Amino acid sequence: MLLWTLLVVFSVGALGQLEDPLLEDDIDFDLTDFDLDIAPRRVPRQVKTMLSKETKPHIQELSIKTTIISRYAFTAVYCAMLNRHSAASTGVFHFQIPADAFVSNFTMIVGGRVYQSEVRPKQRRVKQENGRQTNKEAGGASPEAEVEVFRMEASIPGRNRAVFLLTYEQLLQRRLGRYEHLTSLRPLQLVSRLSLEVTVVDHSPIAGLEVLPLRNGRSNAGTATAAARSAARLPATTVVKQEGNVCRISFSPNIVQQAKITTSGVLGDFVIRYDVQRDMGIGDIQVLNGHFVHYFAPKDLPVVPKNVVFVIDTSGSMTGTKIKQTQEALFTILRDLRYQDHFNFISFSNKIKVWKPDGLVQATADHVSDAKRFILRLTANGGTNIDGAIQTGSSLLRDYLSGPGANPNSVSLIIFLTDGQPTVGEKQPPVILGNTRAAVQEKFCIFTIGIGNDVDYRLLERMALENCGMTRRIGEESNASAMLKGFYDEIGTPLLSDIRINYTEDSVQYVTQHLFANYFNGSEIVVAGKLTDRRAESLHVQVTASNNDKNILLETDVPLRRRRIETEKHVKAATAAAAAGGPSSGVSQVLGGALTSIAEDFVERLWGFLSVKDGLKSRLRSQTSKEREEHVRRATNVSLTYHFLTPLTKLEVDKPRVLADGSMAPAPTNPPEEEVANGLPADADDDTDKQVDGQPSGQTSSSRNSVGKVARRPAKKSITVSKTSADGDPHFVVEIPLSKLTVCFNINGEPGHVLRLVSDHKYSGVTVNGKLVGAPAPAGSHKQQRTYFSTVVVVVDRPRRAYIEVTPKRVILDGRDRMVLPCQSTVAVDSGELSVAIVGKSNVTVTVGGNIAFVILLHQYKNPAPYQRDHLGFYIGNSKGLSHNCHGLIGQFLYEDVGLAELPAPVLKVKRRSVPVVKKSRRIYGGAQSVDCWFARNNAAKLIDGRYEDYVAAHMFDTGEMNGA
């Protein structure tokens, strides 16, 4: 996980800097305090004066590094602040991020201690002091992109530094034939060392790369022209290096160069734009770690005629600049209408006026001239009748489509613009939405535009989502004319309608949105999913759509192995470029290494990103509370899996405590850990047959920096672990109590698969899932690869939701509080629904409600061979609390009665199924004991209910019932 990569490196590197001696006891101004990267005599007097007057902590370094792999961007931000004074001071870290991005990590390092954030589900709506919030400051955001502000405060002890680490992820949207990536540079003060690096790597050659002048800085006063975006107008110190499919951009102005741009610390937005070369056909499909992503952006298609009704707000609040800019945009839009298009205009306030009451008219020169006169006469006054305007526009368009003159293959849409909330007619948003759905009847799409801060954006967003459209916000101080025209340009050239993308049946699962109402020129459709069988040779892809006067069918067989090799190759190129680009400072190397660790899973993370986005949209479209809750549950679970801060989750982090004298409060001290004589070997690739101490007497971990309290508990009687387990490669062993038989089987899964081990969600509320990690087989082995459990999650839903996530390195307990515990320490924690006991470097015991216990062995290697991976073994300690309806790969056998017939060959009788078996010996408990068992071949075919694939969960926190169970 990125977070741990950052922590390990910074605890060695950056924290060492925190221990350097800082200043003398006086607070006299000294340029050396600011770690300037230029000679002090070269610093202008104005800059010296500004720095000397600073009372808030000074930002010594702000480093931002982005890696964009196939349009999916990972950004890491490093911010180091210095408190020059003897008294404690509040450091405020704030950073603007794109509104469609998800924060995936935040960490603070203050006074040599690490404060790590955790993402938790939102229980209810609460107003939070810190975290993400929409930027509503006039002119504070880019006029062409919506941003949000991530903000966190921390008290910095006197004479000390603080480091803030932030990462976020974003899928770049293709608009008007190009991708745009924006980095906000608004530290609100001059920064001693400022650096920005962006690395772009794509499977296809990069085309048309350009770096724009800084937006909202003194370097650009308005909309940039093509000439202004030339190389001569690059932001000062910008360096661009492009080699084929790899491009590196760096920007690192020193403090004097920053002051030439602005003295307020608001440099602006650093924007790059580019596109990629693409071939005609089915699109670009990339495959990595059992996931795939499909980019579809056909070109050179004939334009589909459109039927469009413009519904324009002319209420009193549109007076002045808004109505003038709207008129300017509409004049331009009228010039861009094609002869085969049909259109009409509606203006609304208290009253609703229709330009052509008889219906839509063709975009002839006469009709366009007449429409311009109608627009010119628009005046702003009265209230806002949103419902009446939508009903009128829908009726016009619906009547036209049912008439004889409508082209059956044309694209129909309403473009609706308002700057306010409903004040006339129907005012309740749910009723307006219901009326809109009834009027549209799924025959056309509604695209909504909101101007200013007084708009009910949730209403406009839902109206668009429920009717296959999009919504766009225009800031109060933004150029409404340019943005309205830009939005129309995005949707003004439809090329396809009714697009359906299908893949080989039973070959993919958990596919993101694959049905689309329209495809517009210059945009892109992105679909992601999981492969059911990673070893499959090919994937059949079929795209159907309508274009003008014909239907289109595209299909092909995608060679999965070749695509996987190609994707792995360009991921390696991306990580190598990120590591090599820019200045060779320690911080840059750390950020590059951190991005590398998550870029290697970019396809899976992109799938998770799109899955959450789909869930949020489906939540807004939900018609019933039950349907809405299901979408919320799924999107929340995926958010937690990938540590995404989304509208359904919240970010929590401990903050440093500072004493009255400005010094850091001492860290809590703990007695030394007691030696555990009963521990299991940590370096075993197999397992041992010993009693595992269920509640060891160790105390709290001295290295803990987490939310919540660790309870001291006396040692309890040890638990004798049963042989029922999943360990090793993984080898499953199940004791059948009713039959006094022991059965075993192997699961030859795929790396990345999440296996449902215990599924009792509906009854005891307990679910156990395990994630597989791959490893090459030893030389001479008959296997191509081996798989082990890298993560085990125990989820409890009663009396309230809680979970424990175990890896070989750490345990996350989310119960009453959120705690992160290292596996190298011995500690016991009771969190109500769940309790956990760790025997350092040996095992973890998870207890649920006193009558359910699981023991997880920690298999760690000091010097692993290439075919060895740190992994986990899962054992049943106590199953009394699990119901008779329990299921899962292990759970289904806990109350099963299995018979054995040994003639003429041994056969197990399981639920009227006959399962051929052979006698085998299995090593368990780290190899300390062997157990004889009846072995079922072929992934336990016929032994388990259904097929192996039925036990593959969507993600680690999936508690859904198994098909056929």
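Throughout what follows, the structure given in this document is the object of discussion. Source: prediction; values computed, not measured.

1. So, the sheet that holds strand E14 (residues 239–243)
Stage number 1. A sheet is described by the order of its strands in space; here 8 strands give the open sequence E5-E4-E9-E2-E1-E12-E15-E14, paired in mixed fashion. Two strands lie at the open edges of the sheet, namely strand E5 (113–116) and E14, each paired on one side alone. Shown here is a sheet whose adjacent strand axes are inclined to one another by a mean of 10 degrees, direction ignored.
Stage number 2. Both E14 and strand E15 (residues 246–251) contribute to a ladder of 5 bridges, which runs antiparallel. Note on E15: the bridge partner recorded for Val 239 is Ser 250.

2. A closer look at helix H8 (residues 429–440)
Stage number 1. The terminal C-alpha atoms of H8 lie 16 Å apart, and with 12 residues this matches the ideal 16 Å at 1.5 Å per residue to within 8%.
Stage number 2. Of the positions making up H8, those classed as buried are Ile 432, Leu 433, Thr 436, Ala 439 and Val 440. The buried residues of H8 occupy one face: seen down the axis, they fall within an arc of 130 degrees. Among the exposed residues of H8, those oriented more than 90 degrees off its buried face are Pro 430 and Ala 438.
Stage number 3. Taken together, the buried residues of H8 touch helix H7 (386–401), strand E24 (445–451) and helix H9 (457–465).
Stage number 4. Gln 441 sits one or two residues past H8 and shows a positive phi near 55 degrees.

3. Some remarks on the pattern of salt bridges
Stage number 1. For the structure shown, the criterion picks out 41 salt bridges.
Stage number 2. In this structure, Glu 153 engages Arg 151 in a salt bridge whose closest nitrogen and oxygen atoms are separated by 2.8 Å.

4. Things to note about the sheet that holds strand E28 (residues 515–520)
Stage number 1. One open sheet holds the 4 strands; their spatial order is E28-E26-E30-E31, and the pairing between them is antiparallel. On the outer flanks of this sheet lie E28 and strand E31 (550–559), each paired with one strand and no other. Mean inter-strand twist for the sheet, computed between neighbouring axes without regard to direction, equals 25 degrees.
Stage number 2. Sheet analysis places strand E26 (residues 494–503) next to E28, joined by 5 bridges and oriented antiparallel. Each bridged residue has a counterpart across the sheet, and for Ser 497 the counterpart in E28 is Asn 518.

5. Re the packing of aromatic side chains
Stage number 1. If you walk through the whole model with that rule in mind, you get 31 aromatic pairs.
Stage number 2. Between Phe 93 and Phe 164, the aromatic rings sit 5.4 Å apart at their centres with planes inclined by 10 degrees, giving stacked as the arrangement. Placement of the pair is Phe 93 in strand E3 (residues 89–98) and Phe 164 in strand E9 (residues 160–171), with a sequence separation of 71 residues. For the residue pair Phe 93 and Phe 164, the accessibility class agrees, reading buried in each case.
Stage number 3. Ring geometry for Phe 102 against Phe 609: centres 4.9 Å apart, planes inclined by 50 degrees, an arrangement best described as tilted. Of the two residues, Phe 102 sits in strand E4 (residues 102–110) while Phe 609 sits in helix H13 (residues 602–621), which places them 507 residues apart along the sequence.
Stage number 4. Residue Phe 609 is classed as buried on the basis of its relative accessible area of 3%.
Stage number 5. Connected via pairs of aromatic rings, a cluster forms that spans Tyr 72, Phe 74, Phe 102, Trp 607, Phe 609, Tyr 642 and Phe 644.
Stage number 6. The side chain of Arg 473 reaches across the aromatic face of Tyr 457, ending 4.4 Å from its centre.
Stage number 7. Lying across the ring of Phe 935, Lys 920 places its NZ or CZ 4.2 Å from the centre.

Rules behind the numbers
- Residues numbered from 1 in each chain as written.
- Predicted model: local features only at pLDDT ≥ 70, side-chain atom pairs only at ≥ 80, totals over all residues.
- Heavy atoms only, no water.
- Pairing = 2+ DSSP bridges.
- Helix = DSSP H or I, 4+ residues; strand = E, 2+ residues; numbered from the N terminus.
- Axes fitted to C-alpha atoms, helices over the stretch in contact; angles between N-to-C directions.
- Expected span 1.5 Å × (residues − 1).
- Buried < 20%, exposed > 50% of the residue type's maximum accessible area, 1.4 Å probe, protein only.
- Arc of directions from axis to C-beta.
- Contact = heavy atoms within 4.5 Å.
- Salt bridge = Lys/Arg side-chain N within 4 Å of Asp/Glu carboxyl O.
- Phe/Tyr/Trp six-rings, centres within 6.5 Å; stacked < 30°, edge-to-face > 60°.
- Lys NZ or Arg CZ within 6 Å of the ring centre and 35° of its normal.

Worth remembering: the numbers are spatial, not functional.
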